[in-house]
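Listed below are the residues making up each chain.
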Amino acid sequence: MTKASPSNPLSVQVRKWTHKWNQTRRFPLDNPISVGVYLKGQPRTSALPSTDSQASVGGHSSDGEKGVCFESLSFPVGSLAVLGAGRVLPPLHEKINRRINDGTPFFSLEFFPPKTANGVANFFTRLDRFNEGLPLFVDITWHMNSDPANMQKETSSSSIALGIMNYCRVETMLHMTCVQYSKAQTVRHLAQSKKYGLRNILALRGDLPPSETSSEECQYLYRYRALDMIRWIREEFGDYFTIACSGYPLGHPDAPVDAGAQFIVTQLFFEAESFEKFVRDCREIGITCPIIPGIMPIMGYESIRRIATLSQLTIPEWILNDLEPIKHDDDAVRKYGTVKAIEMCRRLLSNGSAKCIHLYTMNREGTCREILQELGLWQKKPMRALPWEPHGGNHPIRCKEDVRPIFWSARPKSYIYRTRDWDDFPNGRWGNSSSPAFNDLKDYYLFHLLGTTNKDEQLKKFGYEIADIEDVKKVFLNFLTQEPNENGVVVTSLPWSEQESGVAPETKLIQDQLTWCNENGIFTINSQPSVNGAPSSDPLVGWGKHGGYCYQKAYLECFISEEHSAALQTILEEYAPRINYHIINHNASVDVANTEKTTPIAVTWGVFPGCEIAQPTVVDPISFRVWKDEAYEMWTNQWASLYAKESNSRQVLEHIHDTYHLVNLVDNDFQKPCIIFEILSRMVNLAKEISHQNEQQIWATN
């Protein structure tokens, strides 16, 4: 181990993160670096005197504070170790160039803004499914009818682009047109995009309504073109934006690349030869930037004729002849379009004319997925980078984020929205925080819609009638087993889940225990098993870099009755300090914990080659109090609201909301078998004993 000399002291820089600021401090370091995992608190990097009799390394228990210590790497003399050093967001054009230079094919997708708020919610759900195939980027069109620059309107182009970037974890590009606006208006649109973190613009001239484009006025009305906008972007914003422009394979090979565009996305075309000739012509006149073919599969006879007319394109006669006998058979037309798109893309990719494709999806999912899978571009997601879905390099600020509270594990979009105004995100450590600024959800449309499921589908899943607590138990048990309920429906989510994805894979490790809990009226909404050094490649609990090891403390979050809560509080202190707990009710008139008020507990961490200790998931008492409100609202807003106001079903669920307590339990000793369920078993038995004693007293009194 390297030690510091008096003339060249070794120092380490430690970043302490809070929700609104970073505090950096330096201190001399004359000793090896070690990492300790303690029964209370987080895994942490610390400087321990090598002669300290209260400390040890190498996996032995420390004598001062109960826990396990591990020796880690030392740093070269004079160097700085930055905990949670921020990652840099690579620009989109560099990602594209890297893929092309590496010979790695990829795809991107284009969408248009849905017309309604419900449509937006469904769109984000669909985009989550598209994201499973790992598109390099997606773009959203500048739709004039959507009031495209209005960030306060949920259906506007700008608002949807921001939503994609924030909630769907994918690189996002916004189309922007300039012909309808003055230079000052366009610059304001660009400044707004920069303000919200959008970094990619597809610069287009755009079109005016036909009534405004008479031959006499045409020259005047089209006073600004894409070339002008690209110049403005470079003049006003330097290199902040990655700029794409449009190319026209059936036109002449010019594109405003000299003005600053960094890649070209072509207009749709119908024959591979058109794109191949366009690329050759561009290269001959010195255009060297990437040229991405825009592919629009034929999905309907009338729709493709209308699109061709609007785009001023001529559909080849041989395609019209092929379509003529099947033009009234929508399914046959779609199949024909799918086959032809696959054939054309396969040719372009195989002969080297294109390294990637850009699909004009028309907001359709099935056809596009089929094409991408047939071409081998639909990628299986790699090993999890973190236990939760990070933004990676697809968000200008959240690209640095690698720590979150565990409570929003099944509601990541909610967490993202509630933290949208933070100017920095936890990186390396969550840190101690005394006033986290979590936004309210009440004014946001996305989280109060049921998304793709209507009321009848929800009732089939949760039950047309909730007669009593036993019916509530059935819903939780059907979710755990993923077997059809009495209505023949699989309960793929509970109100505390955003995705219809069933239970998490690691739940299989504790499924029997969770089943027992719900059979006994302990309604579990979040959990994880203990893990002691599982390989990062483990299919159930693995995450992070290859060759690493993952650790977890057992965690359970559940709703329990007042009777169970009273019994639990009677016995919990027997298990201190191994068990940390927090018990709270809907209005916080009950708020009991044995943790420090502002100190988080790391419940997941990992050790990886050449990296610092990662601790991506924490139990934070302040965040839990914020999460409490959201968790309780799910009983009423998402479930009870399905039933009539005076119905028994609603009363049962509102009774749970009003009287049950929300509990989280952490078993800090990840090296031993979990004792959380043993404690809960004692709780259930004790509650029964107390109830029986009370009945005996009443009987004796009477």
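All of the points below concern the structure found in this document. Every chain is numbered on its own, with residues counted from 1 as its sequence reads. Restriction of local features to residues with pLDDT of at least 70 applies here, the model being predicted, together with a cutoff of 80 or more for giving and counting side-chain atom pairs; totals for whole chains, interfaces and linings are based on all residues. Working from all heavy atoms in the structure, the side-chain values ignore hydrogens and water.

Observations regarding the overall build of the chain
Only DSSP runs of H or I with at least four residues qualify as helices, and only runs of E with at least two residues qualify as strands; both kinds are numbered from the N terminus onward. What the chain contains, in helices and strands, is 19 helices and 24 strands. Contacts spanning at least 24 positions in sequence make up 70% of the contacts within the chain whose residues lie at least 6 apart. In this description, accessible areas are obtained by the Shrake-Rupley approach with a 1.4 Å probe, and a residue is regarded as covered only by the protein chains that are shown. Of the roughly 31400 Å² of accessible surface on the chain, 49% is carried by carbon and sulfur atoms. Here, residues are in contact when the closest pair of their heavy atoms is within 4.5 Å.

Brief notes about the side chain of K473
Positionally, K473 belongs in helix α14 (residues 469–481). The class of K473 is buried, set by a relative accessible area of 12%. In this view, K473 contacts N518, E519, N520, G521 and F523; residues no more than four positions away in its chain are not counted. Type-normalised accessible area, obtained with a 1.4 Å probe on protein chains alone, sets the label of each residue: buried when under 20%, exposed when over 50%, and partly exposed for intermediate values.

Quick word on the packing of aromatic side chains
Any pair of Phe, Tyr and Trp rings, taking the six-membered ring for Trp, is counted once the centres come within 6.5 Å. Such a pair is stacked with planes under 30 degrees apart, edge-to-face with planes over 60 apart, and tilted for the rest. The final tally for this structure, using the stated rule, is 31 aromatic pairs. Ring plane angle 5° and centroid distance 5.8 Å describe the contact between Y551 and W605, whose orientation is recorded as stacked. Residue Y551 is located in strand β18 (residues 549–552), and its partner W605 is located in strand β22 (residues 601–607); the two are separated by 54 residues in the primary sequence. Across this residue pair, the class does not change: Y551 and W605 are buried. An aromatic cluster is present here, built from F462, F476, W496, F523, F559, Y632, W635, W639 and Y660 joined pairwise through their rings. Above the plane of the ring of Y240 lies K194, whose end atom (NZ or CZ) is 5.1 Å from the centre. Charge over a ring is defined by NZ of Lys or CZ of Arg lying within 6 Å of the ring centre and within 35 degrees of the ring normal. Of note, R420 hangs over the ring of Y417, and the distance from its end group to the ring centre comes to 4.0 Å.

Here we look at the sheet that holds strand β19 (residues 554–560)
The antiparallel open sheet is built from five strands, whose spatial order is β16-β19-β24-β20-β21. Among the strands making up the open sheet, the edge pair consists of β16 (523–528) and β21 (591–593). Adjacent strand axes in the sheet meet at a mean angle of 10°, parallel and antiparallel pairs treated alike. Across six bridges, strand β20 (residues 579–584) lies against strand β24 (residues 661–667) in antiparallel orientation. Looking at β24, one finds that I583 is bridged to V663. In short, DSSP must find at least two bridges between two strands for them to pair. Only the stretch in contact is used when a helix axis is fitted, and all axes are lines through C-alpha atoms; the angle between N-to-C directions ranges over 0 to 180 degrees.

As for the sheet that holds strand β23 (residues 614–619)
In space, the five strands of this open sheet follow the order β15-β23-β22-β18-β17, with mixed pairing throughout. Edge positions in the sheet fall to β15 (404–405) and β17 (531–535), since each has one partner strand and no second.

Some details on the environment of W430
Structurally, W430 can be placed in the loop between α12 (412–418) and α13 (455–462). Put simply, W430 and P616 are 186 residues apart on the chain and 8.4 Å apart in space, counted from C-alpha to C-alpha.

Details of the nonpolar core
The criterion is simple. A nonpolar core is a set of buried Ala, Val, Leu, Ile, Met, Phe, Trp, Tyr and Cys residues joined through side-chain atoms within 4.5 Å. Formed by 67 residues in total, the largest nonpolar core has its most connected members in I164 and I357. Excluding its chain neighbours within four sequence positions, the residues that come into contact with I357 are F106, F107, S108, I292, P293, I295, C345, L349, L372, L375 and L377. With 46 residues, the next largest nonpolar core counts V472, F479, F523 and I525 among its residues.

What about the environment of H661?
If you trace the backbone, H661 turns up in strand β24. Sequence spacing of H661 and Y632 is 29 residues, and the spatial spacing of their C-alpha atoms is 9.5 Å. Of note is the side chain of H661, whose polar atom sits 2.7 Å from the side chain of S565. A 3.5 Å cut-off defines polar contacts: any pair of N or O atoms within that distance qualifies, except that in protein one atom must be a possible hydrogen donor and the other a possible acceptor, and neighbouring residues in sequence count only when both atoms are side-chain atoms.

As for the pattern of salt bridges
Should a side-chain nitrogen of Lys or Arg be within 4 Å of a carboxyl oxygen of Asp or Glu, the pair is scored as a salt bridge. For the structure on display, the rule yields 27 salt bridges. The salt bridge partner of R369 is E132, with a shortest N-O separation of 4.0 Å. Taken together, the positions of R369 in helix α11 (residues 366–375) and E132 in the loop between α2 (117–131) and β7 (137–140) put the pair 237 residues apart, joining distant regions of the chain. Since its relative accessible area comes to 39%, E132 is described here as partly exposed. Note that E401 is salt-bridged to R398, the shortest N-O span being 3.0 Å. For the pair formed by E401 and R398, the shared burial category is buried. Counted as one network, the salt bridges with shared partners bring together R129, E132, E365 and R369.

Side note on the packing of α14 against helix α15 (residues 511–519)
Close contact between α14 and α15 brings their axes to 9 Å; oriented N to C, the two are set at 170°. Here α14 lies roughly antiparallel to α15, going by the angle between them. Only Q511, L514, T515, N518 and E519 of α15 make contact with α14, whose side of the interface consists of K473, F476, L477, L480 and T481. Across the contact of α14 with α15, the residue classes break down as four nonpolar, four polar and two charged. Throughout this description, any angle smaller than 35 degrees is read as roughly parallel, any larger than 145 degrees as roughly antiparallel, any in the 65 to 115 degree range as roughly perpendicular, and the remainder as oblique. Put simply, Ala, Val, Leu, Ile, Met, Phe, Trp, Tyr, Cys and Pro go in the nonpolar bin, Asp, Glu, Lys and Arg in the charged bin, and everything else, Gly too, in the polar bin.

Some thoughts on helix α18 (residues 648–659)
Relative to the 16 Å expected for 12 residues at 1.5 Å per residue, α18 spans 16 Å between its end C-alpha atoms, a close match to the ideal helical length. Looking at α18, one finds that the buried residues are S649, R650, V652, L653, I656, H657 and T659. Contact partners of the buried residues in α18: α14, β16, α16 (562–571), α17 (621–639) and β24. Working rule for helices: expected span equals 1.5 Å times residues minus one.

Don't take any of this as a statement about function, it's just geometry.
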